[in-house]
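So you can see what is in the structure, the chains are spelled out below.
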Amino acid sequence: MSCGFCCRGLLHSHGVLKGEEVNKASAQGLEVLQVDPPAFALPCPKFDGCCTIYDGRPKACRGFRCPLLRRLDDNDIGLDEALEIVAEARRLASAAMPNASAAELASEFRAQRRVRQLDSAEDRNDGKRVKFIALGLYLDKHFVLPRDGNFYSIQPIAGGSS
């Protein structure tokens, strides 16, 4: 199941690297952030519908299991239901920002996350804002680990790209 929401930067702003992975990640074309611990920026330029560096991907990618994938692994949900959840998340992402690249969608999604509340009737009637909230809440429910916060609390790495 390759939904790519983690790779597209909708669940995280970065992936942590082990010290020994930094040079390889840089050589693979990942944007290595100069932070401690080392990390690479998301969205990942090596995701194009699937991981194009799958066999050599960083350990953070190898080990990440979103709640939906964990439920599938544990047989708490069937493949058909999991695929329906992925399809709905993709539909919500497309509705929020049709024809956007992964970078454009991730950037706008993060900007929308930083807005903590709807301040006015105009904000509440902003269809784009409402669509991003719907996407964020859906991702929270099915894809975001509890330790990672939620739509309003996930923040970019200090000193890294947002």
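Undergrad: Sorry if this is basic, but what is going on with the sheet that holds strand E1 (residues 14-16) here?
TA: Whether parallel or antiparallel, the strands of a sheet pair through hydrogen bonds between backbone atoms. Here we have three strands laid out as an open sheet, ordered E1-E3-E2, and antiparallel in their pairing. Because the sheet does not close on itself, it has two edges, and the strands there are E1 and strand E2 (32-33). With three bridges connecting them, E1 and strand E3 (residues 39-41) associate as antiparallel partners. Across the sheet, His-14 pairs through a bridge with Ala-41, a residue of E3.

Undergrad: Could you clarify how one ought to interpret helix H5 (residues 102-114) in this entry?
TA: Residues spaced three or four apart along an α-helix point in a common direction, a consequence of the helix completing one turn every 3.6 residues. Between its terminal C-alpha atoms H5 stretches 18 Å, which fits the 18 Å expected from 13 residues at 1.5 Å a residue. What H5 keeps buried is the set Leu-105, Ala-106, Phe-109, Arg-110, Gln-112 and Arg-113. In a view along the axis of H5, the buried residues occupy a sector of 160°, so they form one face of it.

Undergrad: Is there a simple way to think about unusual backbone geometry in this case?
TA: Of all residues except glycine, most have a negative phi; of all peptide bonds, most are trans. Following Asp-36, the chain continues to Pro-37 via a peptide bond in cis, the omega torsion being 0°. Secondary-structure assignment places Pro-37 in the loop between E2 and E3. Across the junction of Leu-42 and Pro-43, the peptide omega takes the value 15°, indicating a cis bond. Within the secondary structure layout, Pro-43 lies in the loop between E3 and helix H2 (59-63). Unusually for a residue other than glycine, Asn-75 sits at a positive phi of about 60°. Unusually for a residue other than glycine, Asn-99 sits at a positive phi of about 65°. Here Asn-99 shows up in the loop between helix H4 (79-96) and H5. We classify Asn-99 as exposed; its relative accessible area is 80%.

Undergrad: Help me understand the pattern of salt bridges, please; the structure alone is not making it clear to me.
TA: Close approach of charged atoms allows side chains with opposite charge to pair. Across all of its chains, the model carries four salt bridges by this definition. Measuring nitrogen to oxygen at the nearest pair gives 3.3 Å for the salt bridge that ties Lys-59 to Glu-20. Remark: Glu-20 occurs in the loop between E1 and helix H1 (22-27) and Lys-59 occurs in helix H2; sequence separation between them is 39 residues. Judged by relative accessible area, Lys-59 falls into the partly exposed class, the value being 46%. Note that Glu-108 and Lys-128 form a salt bridge whose closest N and O atoms lie 3.5 Å from each other. Here Glu-108 is found in helix H5, whereas its partner Lys-128 is found in helix H7 (residues 127-142), with 20 residues between them in sequence. The partly exposed category is assigned to Lys-128, whose relative accessible area is 36%.

Undergrad: Sorry, what's going on with the environment of Ser-107 here?
TA: Turning to its location among the elements, Ser-107 is positioned in helix H5. Note on Ser-107: relative accessible area 45%, which makes it partly exposed. Sequence-wise, Ser-107 and Leu-10 are 97 residues apart; in three dimensions their C-alpha atoms are separated by 9.0 Å.

Undergrad: Just to check I follow, could you spell out H7 for this structure?
TA: End to end, H7 covers 23 Å across 16 residues, agreeing with the expected 22 Å (1.5 Å per residue, within 8%). Those residues of H7 that fall on the buried side of the exposure criterion are Arg-129, Phe-132, Ile-133, Leu-135, Gly-136, Tyr-138, Leu-139, Asp-140 and His-142.

Undergrad: Hey, could you run me through the nonpolar core in this one?
TA: Note on soluble globular proteins: their nonpolar side chains tend to be buried together. The biggest cluster of nonpolar side chains holds 26 residues, and the ones touching the most others in it are Phe-5, Leu-11, Leu-68, Leu-139 and Phe-143. Elements with a minimum of two residues in this core: helix H3 (67-73), H4, H5 and H7. With seven residues, H4 is the single largest residue contributor to this core. Formed by eight residues, the second largest nonpolar core is a distinct cluster that contains Leu-30, Val-32, Phe-40 and Cys-44.

Rules and cut-offs
Residues numbered from 1 in each chain as written. Predicted model: local features only at pLDDT ≥ 70, side-chain atom pairs only at ≥ 80, totals over all residues. Heavy atoms only, no water. Pairing = 2+ DSSP bridges. Helix = DSSP H or I, 4+ residues; strand = E, 2+ residues; numbered from the N terminus. Expected span 1.5 Å × (residues − 1). Buried < 20%, exposed > 50% of the residue type's maximum accessible area, 1.4 Å probe, protein only. Arc of directions from axis to C-beta. Salt bridge = Lys/Arg side-chain N within 4 Å of Asp/Glu carboxyl O. Core = buried A, V, L, I, M, F, W, Y, C linked by side-chain atoms within 4.5 Å.

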